Amino acid sequence: VLRCLGIPTRVITNFNSAHDKNLNLSVDKYIDVSGNNLHLSEDSVWNFHVWNECWFVRRDLGSFYDGWQVLDATPQERSKGIYQCGPASTRAIKEGDVDLDYDSPFVFAAVNADCVTWIRYSKKRKERIYSDTRKIGKFISTKAVGTNARVDVTANYKYPEVKEISFKISYSQYKNSLMDDRKILVTAV
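Every value quoted in this text rests on a predicted model; they were computed, and no experiment measured them.

How each quantity is defined
- Residues numbered from 1 in each chain as written.
- Predicted model: local features only at pLDDT ≥ 70, side-chain atom pairs only at ≥ 80, totals over all residues.
- Heavy atoms only, no water.
- Helix = DSSP H or I, 4+ residues; strand = E, 2+ residues; numbered from the N terminus.
- Contact = heavy atoms within 4.5 Å.
- Polar contact = N/O pair within 3.5 Å; in protein donor to acceptor, adjacent residues only side chain to side chain.
- Salt bridge = Lys/Arg side-chain N within 4 Å of Asp/Glu carboxyl O.
- Buried < 20%, exposed > 50% of the residue type's maximum accessible area, 1.4 Å probe, protein only.
- Pairing = 2+ DSSP bridges.
- Axes fitted to C-alpha atoms, helices over the stretch in contact; angles between N-to-C directions.

Enquirer: How do you make sense of the environment of Asp66 when you look at a structure like this?
Expert: Along the chain, the position of Asp66 falls in the loop between strand 3 (44-56) and strand 4 (67-71). Asp66 sits 26 residues away from Ala92 along the chain, and the two C-alpha atoms are 9.7 Å apart. Once residues within four sequence positions are removed from consideration, Asp66 is found in contact with Phe56, Val57 and Arg58. A distance of 2.6 Å separates a polar side-chain atom of Asp66 from the backbone nitrogen of Arg58.

Enquirer: What's the story with the pattern of salt bridges in this structure? I'm lost.
Expert: The full count for this structure, using the stated rule, is 5 salt bridges. Notably, a salt bridge pairs Glu161 with Lys158, separated by 3.2 Å at the nearest N-O pair. The class of Glu161 is partly exposed, set by a relative accessible area of 29%. Judged by its relative accessible area of 5%, Lys158 is buried.

Enquirer: How do you make sense of the sheet that holds strand 9 (residues 126-132) when you look at a structure like this?
Expert: With respect to topology, 3 strands assemble into an open sheet ordered 2-8-9, the strand pairing being mixed. The sheet is open, and its two borders are formed by strand 2 (26-31) and strand 9, each paired with just one other strand. Taken pair by pair, the neighbouring strands of this sheet meet at an average axis angle of 25°, ignoring direction.

Enquirer: Looking at this model, I keep getting lost on the environment of Lys21. Mind explaining?
Expert: The topology assignment puts Lys21 in the loop between strand 1 (9-19) and strand 2. On the basis of relative accessibility, which here comes to 36%, the residue Lys21 falls in the partly exposed class. Distance from Lys21 to Gln76, taken between C-alpha atoms, is 9.2 Å for residues 55 residues apart in sequence. Within polar-contact distance, the side chain of Lys21 engages the side chain of Glu42 at 3.4 Å.

Quick look at the structure:
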């Protein structure tokens, strides 16, 4: 329908798409001390999810958020009392601006949630034992114009994942770095 109105529109597929039911920006799994799943969260990870993007100016949010906007014609959750999702700015999603309206937190979680496992010791005590920050939002794709080739648009939704670099330093180097920090702190006071 948007294309019929002259609005540029494309289909987007997100692999490992998070469904963050409680909008805490993570997919939580709870286990007991024996490792049994407690089924306390309705969060889930879908193999993939598909939505549309359309291109338009965002006078309501400011020109920073102009461009591709997420519209989901098959929302699974209510937003403001009805089943709707978007238009959420892809720029807002990439920048982590989850305080904006139009379901930005839900879309942000779909492409960038952390998968967290918790041990629940009691109703009041839990401990995070595992967190995967790279699982969600893989190969976010659209179809190329004029061909069946896949175009990766992941960079429109998130910055590249940071690779952990392991390194070793001697204790004396570590101790000296602390002394340098102390000198800076004293100088700043």
